[in-house]
Amino acid sequence: MDLEKFWENIEKAESIGITGHVNPDGDCIGSCLAMYNYILNKYNKKAELFLETIPAKFRFINGGEDVITDYPDRNTFDVFIAIDSGDLDRIGIAEKYLNAAKHSYCFDHHGTNTGYAQENLIDPGAAAAAELLALLFDEEYIDLNTAKALYLGIVHDTGVFKHSNTTRKTMETAGMLLEKGVISSEIIDKTFYEKTYIQNQVLGRCLMESILLMDGKVIVSYVSAEVQKLYGISTTDMSGIIDQLRITKGVEVAILLKESKKREWFVSMRSNEIVDVSRISVMFGGGGHIRAAGCTMYGSAHDCINSLTKEIEKQLI
Ligand code: AMP
Ligand code: MN
Ligand code: MN
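Cut-offs applied
Position numbers for residues start from 1 in each chain and track the written sequence from start to end. Labels follow written order: the first chain is A, the first ligand is 1, and so on. For this predicted model, a pLDDT threshold of at least 70 governs which residues receive local features, and a threshold of 80 or more governs which side-chain atom pairs are given and counted, while totals over whole chains, interfaces and linings are taken from all residues. Only hydrogens and water are set aside when side-chain values are computed; all heavy atoms of the structure are taken into account. In DSSP terms, a helix is any run of H or I states spanning at least four residues, a strand is any run of E spanning at least two, and both are numbered starting from the N terminus. Each radius of gyration reported is based on C-alpha atoms, and the globular scaling rule is 2.2 Å times the count of residues to the power 0.38. A 1.4 Å probe rolled over the protein chains alone gives each residue an accessible area, and that area as a share of the maximum for its type sets the label: buried under 20%, exposed over 50%, partly exposed in between. A donor here means an N, O or S atom no more than 2.8 Å from the metal, or no more than 3.2 Å when the metal is Na, K or Ca. Since water is not included, a site may seem to lack partners. The salt bridge definition used is simple: a Lys or Arg side-chain nitrogen within 4 Å of an Asp or Glu carboxyl oxygen.

Observations regarding the overall build of the chain
Inference 1: A tally of helices and strands in the chain yields 12 helices and 11 strands.
Inference 2: The C-alpha radius of gyration computed for the chain amounts to 19 Å, which stays within 12% of the reference 20 Å derived for 317 residues, consistent with globular compactness.
Inference 3: Projected onto its principal axes, the C-alpha coordinates of the chain cover approximately 60 × 40 × 40 Å.
Inference 4: For the chain, buried positions account for 50% of its 317 residues.

In structure tokens, the structure reads:
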């Protein structure tokens, strides 16, 4: 990607749109809000940010309240930017804006990225899309709002600096953001660790009902749509459960199935050392990273688990 041209186009643009992926996570929200705040601070322009939803706990970041969750038909954007999304399906309805835009750009860190925008900047070595953006931004123009958003993204995709994607660059970037005035405990506790009573109950239930397969190398759990309805939660309220499954002693792969509607499952996978879960996710139409990936599958939970473990087995022998 010609970055100089990108910033030049931002400077000239009369309309700028930004989007992330469906079922947005902390990195998606953090990196999109970082781009929004950086453009606001440096170019004094208000971009329009489209996300399927923005959980209340993220709205304290500047711009969080301005997120547009319906996707009205409108005139073409001069510049449209997709962040943290590996393929066109992942940006959901925003596909119509990206395809019609005069200039479209994609910034991402998924190795499985298909390069769907006119210009694509993909760095699978970046722990988070937010880390990638932090290095593109002119440090001088990273204000506290931008810094908070970047820090949020990095914290979430590294599981608070503990996943294997965390590098020296990640820590140095986070250090720079602390110097901008970010109070780390505020972001980490409020958005990552804090769970509602109900979320903890669902976590407990998932752990209780989890099963070990393949000699304890694979752990699986699932939450049916019925159970989600019973507790009044949705698939976005279940972050953290997969991390707890992954650290079970002896486990190489953790799988969590979240039923989004009847017989449709959002699948999360994590691995520890050997299995490339992004390869398996791609086989089922999804994507992700070597140690953290996901896809959408259909049918009974039992069938989905069978299909996945068959592929895991191939990589373990
Ligand atoms: P999650 O398990 O939802 O935290 O996702 C782990 C990683 O896999 C993230 O980087 C996601 O962007 C990616 N991912 C999850 N679900 C899908 C999907 N259906 N298609 C493509 N990538 C996905
Ligand atoms: Mn993401
Ligand atoms: Mn990410």
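Points about the coordination of the manganese ion (ligand 3)
Inference 1: Surrounding the manganese ion (ligand 3) are the protein donor atoms D27 (OD), D84 (OD), H109 (NE2) and D157 (OD), at 2.1 to 2.3 Å.
Inference 2: Along the chain, the residues donating to the manganese ion (ligand 3) are arranged with the sequence spacing D-x56-D-x24-H-x47-D.

Describing the coordination of the manganese ion (ligand 2)
Inference 1: Protein coordination at the manganese ion (ligand 2): the donors are H21 (NE2), D25 (OD), D25 (OD) and D84 (OD), at 2.2 to 2.6 Å from the metal.
Inference 2: Here the donor residues for the manganese ion (ligand 2) map to a single chain with the spacing H-x3-D-x58-D.
Inference 3: Distance-wise, the manganese ion (ligand 3) is placed 3.6 Å from the manganese ion (ligand 2), both being coordinated by D84. Of this pair, H21 sits in the loop between β1 (16–19) and α2 (26–43) while D84 sits in the loop between β3 (79–83) and α3 (95–100), and the two are 63 residues apart along the sequence.
Inference 4: Exposure remark for H21: the relative accessible area of 3% places this residue in the buried category.
Inference 5: Under the relative-accessibility criterion, D84 is labelled buried at 2%.

With respect to the pattern of salt bridges
Inference 1: Tallying each qualifying case throughout the model produces 10 salt bridges.
Inference 2: In this structure, K169 and D123 form a salt bridge, with 3.9 Å as the shortest nitrogen-oxygen distance. In this pair, K169 is assigned in helix α6 (residues 168–179) and D123 in the loop between β5 (119–122) and α4 (129–136), connecting sequence segments 46 residues apart.
Inference 3: For K169, a relative accessible area of 34% corresponds to the partly exposed category.

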